[in-house]
Amino acid sequence: MPRPLRTIVGRLPQILLIVGALALMMRTERFFTPGTLASILTQASIVGVLAIGQAFVLIGGGFDLSQGAMLALTAATVGRLSQEGWDPASCVAAALLVGLLLGSINGFFVSVVKTNPFVTTLSTLLIFRGAAFIALEGRPIPGVRVFQAVDSGFRLGDTFISYRGVVFAVAALVAWIVLRRTVFGQHVYALGGNAEAARLAGVRTTRLRTWTFAISGLASGLAAILLLGWLRVAKSDTATGYELDSIAACVVGGVSLQGGRGSVLGAAAGCLLLQALRTQITMSGFPEEYRTFVTGLVILVFAAADALARRGERA
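This one's a predicted model, so the numbers in the text were calculated from it and none came from an experiment.

## Here we look at the overall build of the protein
Across its full length, the protein carries 12 helices and 4 strands. Sequence separation of at least 24 residues holds for 78% of the intrachain contacts in the protein that already meet a minimum separation of 6. Summed over its atoms, the accessible surface of the protein is roughly 14,700 Å², and 67% of this surface lies on carbon and sulfur atoms.

What follows is the structure, given as structure tokens:
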């Protein structure tokens, strides 16, 4: 298959999704207003931050199903600490450190013990979710106001911009710089493209893969801060299914499920596109359950297109 045709085949799902989403959006006059677009940025912020961490793992050739559970356990931990009177700065540090630790646990088993990423993160999903339930003693902690400032914002003209959206945008920019402008980032691409070749070239693949999962955990910790600032309640079932949303955002943004390809900005854009589509579904009067259907369909179609494009390259 000629290279231009392979490119078209690989990008066809993105093109069709964008065209379909725009067609739906055009049906609603009030969709393309600054207020609605700013709201989409805010609503996409939590999953968007998770997608940034997921992009590191996927580009490095891994897979992380435990992000939602890491978020829940981090939120449970911070909820407990806030009850003990910890100040906001200490709680921020604790959330990031807990997320980093949980992600490093995934990285240890995948990189050092050599367990399958799917099996590892599926197992830790159950472990972390159960640990959150135990930490909370089966009861939610309401009134967690330690991060309430995150849910405020500022006005740009007549449009309200939430700090959650700003954090998402800044995190995406920083992550893009790390992946595209540093040696570490180039090594992540090499790891996902061909781990053995990267190892023979002198890349410390074991440590590097551990770091990709640790970054995913760090992103989960940051997402927990945003979620607690918004909901102000710590629950063991918080963020259920968010890991699938983050994977969907990545594949929509062109991140390959087979590793070595994609970008953080693509993942962020994919998250915004999916959130815009879901917003339009809601505004059109469809039930909320349709988002589950859309997420699953998107992952399947985009994974199939990526596999076909890869197969064409090997032919």
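## Here we look at the pairing of strand S3 (residues 159–162)
Strand direction decides the pairing type here: strand S2 (residues 153–156) and S3, joined by 4 bridges, are antiparallel. From the neighbouring strand, Leu156 faces S3, where its bridge partner is Thr159. Linking two consecutive strands that pair antiparallel, namely S2 and S3, is a turn of 2 residues; a positive phi of about 70 degrees is found at Gly157 within it.

## Brief notes about the pattern of salt bridges
Under the counting rule described, the total for this entry stands at 4 salt bridges. Between Arg80 and Glu137 there is a salt bridge, with its nearest N and O atoms 3.7 Å apart. Here Glu137 lies in the loop between helix H5 (117–135) and strand S1 (141–142) and Arg80 lies in helix H3 (residues 67–83), a separation of 57 residues in the sequence. Residue Arg80 is classed as partly exposed on the basis of its relative accessible area of 28%. With a closest N to O distance of 2.6 Å, Arg199 and Glu196 form a salt bridge. Within this pair, Arg199 and its partner Glu196 are both found in helix H8 (residues 195–200), separated by 3 residues, close to a single helical turn.

## Thoughts on the packing of aromatic side chains
As enumerated under the stated definition, the model contains 3 aromatic pairs in all. With 6.4 Å between their ring centres and 45 degrees between their planes, Phe63 and Phe118 make a pair best called tilted. With a gap of 55 residues between them, Phe63 in the loop between helix H2 (34–59) and H3 and Phe118 in helix H5 connect regions that are remote in the sequence. Seen from their ring centres, Phe108 and Phe109 are 5.4 Å apart, and the 85 degrees between their planes marks the pair as edge-to-face. Phe108 gets classed as partly exposed once you look at its relative accessible area, which sits at 40%.

## Concerning H2
Residues that lie three or four places apart on an α-helix share one face, since the helix turns once every 3.6 residues. With 26 residues, H2 ought to run about 38 Å at 1.5 Å a step, yet its terminal C-alpha atoms sit only 33 Å apart, falling short of that. The sharpest bend along H2 measures roughly 55 degrees and falls at Ser45. Where H2 terminates, the next one or two residues include Gly61, which has phi positive at roughly 90 degrees.

## Quick notes on the packing of H2 against helix H9 (residues 205–231)
Think of two packed helices as two axes; the pair is described by the angle between the axes and how far apart they sit. At their nearest, the axes of H2 and H9 sit 8 Å apart, and the two run at 175 degrees to each other. One finds that H2 runs roughly antiparallel with respect to H9. Taken together, the residues of H9 that come into contact with H2 (itself represented by Ser45, Ile46, Val49, Leu50, Gly53, Gln54, Phe56 and Val57) are Thr212, Phe213, Ile215, Ser216, Ala219, Ser220, Leu222, Ala223, Leu226, Leu227 and Trp230. A class-by-class count of the residues in the contact of H2 with H9 yields 13 nonpolar, 6 polar and no charged.

## Section: the environment of Gly202
Considering the arrangement of structural elements, one finds Gly202 in the loop between H8 and H9. The spatial distance from the C-alpha of Gly202 to the C-alpha of His187 is 9.9 Å, given a sequence separation of 15 residues.

## Comments concerning a nonpolar patch on the surface
A cluster of nonpolar side chains, namely Leu101, Ile105, Phe108, Phe109, Val112 and Val113, defines an oily patch on the protein surface of about 500 Å² accessible area. Position of Ile105 among the secondary structure elements: in helix H4 (residues 88–111). Taking the relative accessible area as the measure of exposure, Ile105 reaches 31% and is therefore partly exposed.

## Structural notes on the nonpolar core
Counting 76 residues, the largest nonpolar core has Ile52, Leu71, Phe147, Val264 and Val298 as the members making the most contacts within it. Ranked by residues supplied to this core, first place goes to H2 with 11 residues. Residues in contact with Leu71, not counting those within four places in the same chain, are Ile46, Leu50, Ser220, Ala223, Ala224, Leu227, Thr238 and Ala239.

So, how was this worked out
Residues numbered from 1 in each chain as written. Predicted model: local features only at pLDDT ≥ 70, side-chain atom pairs only at ≥ 80, totals over all residues. Heavy atoms only, no water. Helix = DSSP H or I, 4+ residues; strand = E, 2+ residues; numbered from the N terminus. Contact = heavy atoms within 4.5 Å. Areas by Shrake-Rupley, 256 points an atom, 1.4 Å probe, with all protein chains shown as cover. Pairing = 2+ DSSP bridges. Salt bridge = Lys/Arg side-chain N within 4 Å of Asp/Glu carboxyl O. Buried < 20%, exposed > 50% of the residue type's maximum accessible area, 1.4 Å probe, protein only. Phe/Tyr/Trp six-rings, centres within 6.5 Å; stacked < 30°, edge-to-face > 60°. Expected span 1.5 Å × (residues − 1). Bend = angle between axes of the 7 residues up to and from the residue. Axes fitted to C-alpha atoms, helices over the stretch in contact; angles between N-to-C directions. Parallel < 35°, antiparallel > 145°, perpendicular 65-115°, else oblique. Nonpolar A, V, L, I, M, F, W, Y, C, P; charged D, E, K, R; others polar. Patch = residues over 30% accessible without salt bridge, like charges linked within 9 Å, V, L, I, M, F, W, Y side chains within 5 Å. Core = buried A, V, L, I, M, F, W, Y, C linked by side-chain atoms within 4.5 Å.

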